[in-house]
Amino acid sequence: MSKSKSEEGSQEDLHALPLDVQVEACEVRLGRRPPDLARAHREVASALARLGTRTPREALADLGVAIALSGDDPSIGTTTFRALLDLEERTLTLYPRASGVADVVIAHETFHALSPHVSGAHAEVCANLFATAVQGLSWYAGLLDLPG
Ligand SMILES: [Zn+2]
């Protein structure tokens, strides 16, 4: 099914745009400020160098982070979560919403595990760009967070 191009908020329209344009449009639609893309790309390049030839799952294992599956779908208000990374407990919990996109979610969380010094909304942009690169996606992984 194709959607009308005039339909506002359609993710399908965003998928075809250049990656950096997708990132900006996505973040603005999520109510966040346009990201500092130059800085984000530097953080992602640095994290990719730390990842090396390992898969995200291998990097998490090397960091002592175990992946656990949860049957619960936690939510705070209207926000639901796909995963929770607890670096103190060394666990990455995947929730039912992660099913079907688990590798993207794991790659996203691996950025956080490799780059704990990057925080806030900027870290989310970096983690999504990292997941996009690692998974070889043509679309920004952050688009998964857009409603509908
Ligand atoms: Zn994140």
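So, here's what we can say about the structure.

Calculation rules
- Residues numbered from 1 in each chain as written.
- Predicted model: local features only at pLDDT ≥ 70, side-chain atom pairs only at ≥ 80, totals over all residues.
- Helix = DSSP H or I, 4+ residues; strand = E, 2+ residues; numbered from the N terminus.
- Expected span 1.5 Å × (residues − 1).
- Buried ≥ 20, exposed ≤ 12 C-beta atoms within 10 Å, placed from the backbone.
- Contact = placed C-beta atoms within 7 Å.
- Core = buried A, V, L, I, M, F, W, Y, C linked by C-beta atoms within 7 Å.
- Pairing = 2+ DSSP bridges.
- Axes fitted to C-alpha atoms, helices over the stretch in contact; angles between N-to-C directions.
- Arc of directions from axis to C-beta.

## Things to note about helix α6 (residues 120-134)
Point 1. The end-to-end C-alpha distance of α6, which contains 15 residues, comes to 21 Å, matching closely the 21 Å that a straight helix rising 1.5 Å per residue would cover.
Point 2. Inspection of α6 places E124, V125, C126, A127, N128, L129, F130, A131, T132 and V134 among the buried residues, and these make up the whole buried set.
Point 3. Buried-residue contacts for α6 involve α2 (19-29), α3 (37-51), α4 (56-62) and α5 (102-114).
Point 4. Note on α6: the residue one or two positions beyond its end, G136, has a positive phi of about 65°.

## Observations concerning the nonpolar core
Point 1. Residues F111, C126, L129, F130 and A131 are the most contacted members of the largest nonpolar core, which totals 31 residues.
Point 2. Elements that contribute at least two residues to this core include exactly α2, α3, α4, β4 (83-86), β5 (91-94), α5 and α6.
Point 3. If near-sequence neighbours (up to four positions away) are discounted, A131 is found in contact with V104, A107, H108, F111 and A141.

## Remarks on the sheet that holds β5
Point 1. Pairing within the open sheet is mixed, and its three strands lie in the order β1-β5-β4. Among the strands making up the open sheet, the edge pair consists of β1 (66-69) and β4. On average, adjacent strands in this sheet sit at an angle of 15° to one another, irrespective of strand direction.
Point 2. Looking at chain direction, β4 and β5 are connected through four bridges and run antiparallel. Looking at β5, one finds that L84 is bridged to T93.

## Brief notes about α3
Point 1. Helix length check: α3 (15 residues) gives 20 Å between terminal C-alpha atoms against 21 Å at 1.5 Å per residue, within 8%.
Point 2. Those residues of α3 that sit buried are A40, E43, V44 and A47. Seen along its axis, α3 keeps its buried residues to an arc of 100°; they face one direction. More than 90 degrees from the buried face of α3, the exposed residues found are A38, R42 and A49.
Point 3. Residues of α3 that are buried in the fold lie against α5 and α6.
Point 4. Looking one or two residues beyond α3, the residue adopting positive phi is G52, at roughly 65°.

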